[in-house]
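Each chain, written out:
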Amino acid sequence: MFDLNELERAHKIVGTAVPPTPAYSWPLLAQRLGTEVVVKHENHTPIGAFKVRGGLVYLERLKRERPDVPGIISATRGNHGQSLAFAAGRHGVPAVIYVPRGNSVEKNRAMRAFGAELVEHGEDFQAAKEEAQRRAQFAGLHMVPSFHPDLVLGVATYALELFRTAPDIDILYVPIGQGSGISGCIMARDLLGLKTEIVGVQSTEAPSYALSLAAGNIVTTETSDTRADGMATRIPDLDAFALIRKGASRIVQVTDDEIGHAIRAYWTDTHNLAEGAGAAPLAAALQEKSRLAGKRVGLILSGGNIDFDLFRTWVGTDAKMDANPAAKRAVA
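Just so you know, these numbers come straight off a predicted model, no measurement behind them. As a convention, each chain's residues are numbered from 1 in the sequence order in which they are written. Note on the predicted model: pLDDT of at least 70 is required for a residue's local features to be given, and 80 or more for side-chain atom pairs to be given and counted; whole-chain, interface and lining totals, by contrast, use all residues. Side-chain numbers here rest on the full set of heavy atoms in the structure, without hydrogens or water.

> I would appreciate a short explanation of helix H6 (residues 125–139) in the present structure.
An α-helical turn contains 3.6 residues, so any two residues separated by three or four positions project in the same direction. The helix and strand labels rest on DSSP assignments: H or I over at least four residues marks a helix, E over at least two residues marks a strand, and numbering proceeds from the N terminus. Multiplying one less than the number of residues by 1.5 Å gives the expected span of a helix. Helix length check: H6 (15 residues) gives 21 Å between terminal C-alpha atoms against 21 Å at 1.5 Å per residue, within 8%. Taken as a whole, H6 has its buried residues at Phe125, Gln126, Ala128, Ala132 and Ala136. What you see down the axis of H6 is that its buried residues fit within an arc of 155°, all on one side. Pointing more than 90 degrees away from the buried face of H6 are the exposed residues Gln137 and Phe138. Turning to H6, the residues buried within the fold contact strand E3 (72–75), strand E4 (95–99) and strand E6 (142–143). Each residue's exposure class comes from its accessible area (1.4 Å probe, protein chains only) as a fraction of the maximum for that residue type: buried when under 20%, exposed when over 50%, partly exposed otherwise. Each direction from the helix axis to a C-beta atom contributes to the arc, which is the arc of those directions. Any two residues having at least one pair of non-hydrogen atoms within 4.5 Å are treated as being in contact.

> What's the story with helix H10 (residues 238–247) in this structure? I'm lost.
Along H10, the positions that sit buried rather than exposed are Ala240, Phe241, Leu243, Ile244 and Gly247. Burial along H10 is one-sided: seen end-on, the buried residues are contained in an arc of 165°. Along H10, exposed side chains directed more than 90 degrees from the buried face belong to Leu238, Asp239 and Lys246. Buried-residue contacts for H10 involve helix H8 (180–192), strand E8 (197–203), helix H9 (208–215) and strand E9 (250–254).

> When you look at the sheet that holds E9 in this model, what are you seeing that I'm missing?
A sheet is described by the order of its strands in space; here six strands give the open sequence E1-E2-E10-E7-E8-E9, paired in mixed fashion. If you trace the sheet from one side to the other, it starts and ends with strand E1 (23–24) and E9, each paired once. Two strands are counted as paired when DSSP detects at least two bridges linking them. As defined by bridge partners, strand E7 (residues 171–175) adjoins strand E10 (residues 297–301) across three bridges and the pair is classed as parallel. Across the sheet, the residue bridging to Ile171 is Val297, located in E10. Sitting on the sheet, helix H12 (residues 276–287) touches E7, E8, E9 and E10, and the angle it makes with E9 is about 100°. Lines fitted to C-alpha atoms define the axes, with helix axes restricted to the stretch in contact, and inter-axis angles between N-to-C directions lie between 0 and 180 degrees.

Have a look at this one:
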């Protein structure tokens, strides 16, 4: 898909707008997991999520090769759309973003604030995507897919930063939505010649990649009804699946309750706010805690864009209990 020189060049492109994000070892998380933990904080980017990297690399090439492109269009549950709106604004390119009805209110506001025309359509991401594709053909706009080599190249720059900071990570947990993030981690690991085990994470309510990996071929789902909207994928991307099948050791499925627990843990242990997909890797590591003793664990905190109302209703009420195990045992 790309070589190390191309990845280095992409990192320079991303660096014009996004400084390297921190990778911290948090002692309370280490106590919680019983082993050393390194968190890659992609919640500390200008859009609060890792996707900004892919948008910057994609738009740089598009504008260079098609300087008169009339505009771009895409579909998203939020972070992909914010990434494109942010990057398109830097290049003076109009952006139209489709989202499903009932999408995150705060992500919608952010996309508009970055300059995108926002259109709500359909009941889920797939319906919004299909309508965006129809409009692209009708209006002559450039359709940006959710998975593309340039998007993977861009987001792989966070893995490059992480692996150069902590090349001795034994196992890395990465959330899977459309697959660009985990694909970027696999590519960066292989290009650097590292042996890190990469584990994908999906919601039990949207397990299309996990089911596909188990079956050895693409498996779709009828619904993707998870509160972790960044992982709400019904139809895997064929190219992403090929990379994941080759380069990931397995995919762990986590429940919304486990993700909520992990969001609380991030807040109480690090005072970082994680969205559902961002907390899913910690949820998976907690699920697999018994197999992690003595290993150095990496967690991708892919984003922090969770609506306040969702945070309050999903995880906020139990935060004190999660921070105080003695109180939790007393109630039990």
